[in-house]
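Fold and geometry: a report
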Amino acid sequence: MDHVQSHGNQETRSSDGESTGSKGIRVEGLVKRFGPVVAVESVSFAIQPGEIVGLLGHNGAGKTTTMRMICGVLPPTAGSITVAGYDIVTHRRQAAASIGYLPESSPLYPEMRVREYLVFRARLYGVSDPRSAIERSMERCGLETASSRLIGQLSRGFRQRVGLAAAILHDPAVLILDEATSGLDPLQVIEVRKLIEELSSDRTILISTHVLSEVEAICDRVVLFARGRVVAEGDLDSLRSRSKSGANASLEDVFVELTAKAFLESGS
Amino acid sequence: MSGTVVIAAREFRSFFLLPSGYVVGALFLLANGIVFLSGVFLPGQPATLRGVFSFDVIVLLFLCPAITMRAICEERRQGTWELLAASPSGAGAFIFGKFIASMGYLVVLLVPTLVLVGMLELYGRPDPGELAAGYLGLLLVGGVYLASGILASTVTASQTIAYLLTVFFWILIGLGRSALPGWLGPEAWSMLAPWDPFQRMQDFTIGLVDTSSLIYFPSLILFFLLTSIVLVETERRA
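Residues numbered from 1 in each chain as written. Chains lettered and ligands numbered in written order. Predicted model: local features only at pLDDT ≥ 70, side-chain atom pairs only at ≥ 80, totals over all residues.

Taken together, the 21 residues of chain A in the interface contact 20 residues of chain B. Elements represented by at least two residues in the side of chain A that touches chain B include exactly helix 4 (92-97), strand 6 (99-102) and helix 5 (114-124) of chain A. Within the side of chain A that touches chain B, the residues separate by chemical class into 15 nonpolar, 3 polar and 3 charged. (Contact = placed C-beta atoms within 7 Å. Helix = DSSP H or I, 4+ residues; strand = E, 2+ residues; numbered from the N terminus. Nonpolar A, V, L, I, M, F, W, Y, C, P; charged D, E, K, R; others polar.)

All names here are of chain B. Contact geometry of helix 2 (residues 19-40) with helix 3 (residues 50-68) gives a least axis separation of 10 Å together with a crossing angle of 165 degrees. One element, helix 2, and the other, helix 3, form an angle in the roughly antiparallel class. In this structure, helix 2 meets helix 3 at a crossing whose hand is right-handed. In contact with Val 24, Phe 28, Ala 31, Asn 32, Val 35, Phe 36, Gly 39 and Val 40 of helix 2, helix 3 contributes Gly 51, Val 52, Phe 55, Asp 56, Val 59, Leu 63, Ala 66 and Ile 67. Its residues placed into classes, the contact of helix 2 with helix 3 shows 12 nonpolar, 3 polar and 1 charged. (Axes fitted to C-alpha atoms, helices over the stretch in contact; angles between N-to-C directions. Parallel < 35°, antiparallel > 145°, perpendicular 65-115°, else oblique. Left-handed = near helix turned anticlockwise from the far one by under 90°.)

Take the pairing of strand 6 of chain A next. Residues and elements named next belong to chain A. The side-chain alternation of strand 6 yields two buried faces, one formed by Ile 99 and Tyr 101 and the other by Gly 100 and Leu 102. Sheet topology places strand 6 next to strand 7 (residues 174-178); 4 bridges connect them, and they run parallel. Its bridge partner being in strand 7, Leu 102 is matched across the sheet by Leu 177. (Buried ≥ 20, exposed ≤ 12 C-beta atoms within 10 Å, placed from the backbone. Pairing = 2+ DSSP bridges.)

Moving on, we get to the confidence of the model for chain B. Residues and elements named next belong to chain B. Taken residue by residue, chain B gives an average pLDDT of 90. The fraction at 70 or more is 99%. Put simply, helix 10 (residues 197-205) is where chain B has its lowest mean pLDDT, 87, and helix 6 (residues 91-110) is where it has its highest, 95. Among the prediction metrics, the complex's ipTM stands at 0.87, with pTM recorded as 0.87. (pLDDT = per-residue confidence, 0-100.)

So, on to the packing of helix 5 of chain A against helix 1 (residues 2-15) of chain B. Two elements in contact, helix 5 of chain A and helix 1 of chain B, have axes separated by 9 Å at closest approach and are oriented at 165 degrees. What the angle tells us is that helix 5 of chain A and helix 1 of chain B run roughly antiparallel. The hand of the helix 5 of chain A/helix 1 of chain B crossing is left-handed. In this structure, helix 5 of chain A uses Phe 120, Arg 123 and Leu 124 of chain A to contact helix 1 of chain B, whose residues at the interface are Gly 3, Val 6 and Arg 10 of chain B. Here the contact of helix 5 of chain A with helix 1 of chain B is composed, by residue class, of 3 nonpolar, 1 polar and 2 charged.

What follows concerns the environment of Gln 160 of chain A. Residue and element names in this part refer to chain A. Within the element layout of this structure, Gln 160 appears in helix 7 (residues 156-168). A sequence separation of 11 residues divides Gln 160 from Arg 149, and the C-alpha atoms of the two residues are 14 Å apart. Apart from residues lying up to four places away in sequence, Gln 160 is in contact with Ser 106, Ala 180, Leu 184 and Val 192.

Below, the structure is given as structure tokens:
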């Protein structure tokens, strides 16, 4: 439903900064340079509360760098980022408290047990009722049976679930998931996607992926990255309509066409 | 503040979840026992732990960097650093948390050596003041080693390099203190001598507690920790 609605007023939505101030994400003129290398160049986009938005692009297109800046892990060279109404630079603590972050490949402490790790994360975020928050998170991510297992012995799918459970412990308004399904088997991919969709009911979700079917399966909207720039933004239908092959174009065609155009325009 | 405690608690527990924590502890005790039985606990010897303490000053130089080399490097390698950096806690909480945890571990290492004190008590009359000074000295010296190890762990991505940096730094200081007096002449050296950490350590082992040392060592610790915090924070803010 929301998907159909968002199509019509796409332009007003992404340019309307005020409505994003509450619980969404707003990125303006974001630049990140590593020495002479420009990883992210004047990136701007806005994500409304309750949306699932996919950052799509080749490996090295700037998706992870952008996400790390939104999470306050990496300082931007220029530009501003607002998360849940807080500027990530001037109000780091508040912004960080409203973000649940799952970095690529779900880093964890292998020597800890699942519940023990979740207790640590709950305390780190100052969760007021850790016990019930942990129960809720574990139930949501299907971890009840794994609570006393050693993290180092878990399968990839379970590790991903532990990462997700930890990310939602403090009930953040915004979830940032970097390549949440990469390296999972097809069944696990479906499970994690289902979980992400369930979680989206009451929060803003930004996911990064280079898997096109993932975008089609769960995202309301796409921000397409190429060479550190945003080359296209909109819901899937509006992206298709930009393609020469029209509304029947597969997302793959659109992706290839739009990124190729960006490569040509950047002059190399 | 609470972030510091949470991180310290996790790190401290981690020492006992990994085999290395037990190996380091066992080796330390074994070495202490050998020194005690072969050089100190002999008929006619004075009832002191001086020999053990001055030996420990050297052993800790090699053990403490092994305790801290994991501190930041391992978090970076594992990627968990990313999660800490994204949390509401500041760099101060990470660094002080890591330091408190490794100090806690050092205390755990030292506690079993009280058995040696017990044995002295059984067979002689050791001076409790001297023993207390010795332990205080080991904690201060160990704290300095640990803090410098944490700094090394923040500047490099490799545990091996972090370990070697710390050990070689202190070996260089040690070499410097034996070579410099000769090169500089007694007068110039007398200006530098108060900065010599090893002389101050030796004072503790013979039961001498110089109040200036009680400021000197904590200041060194703070220097290493604050430098680490600044490095971590600039990486995040730049």
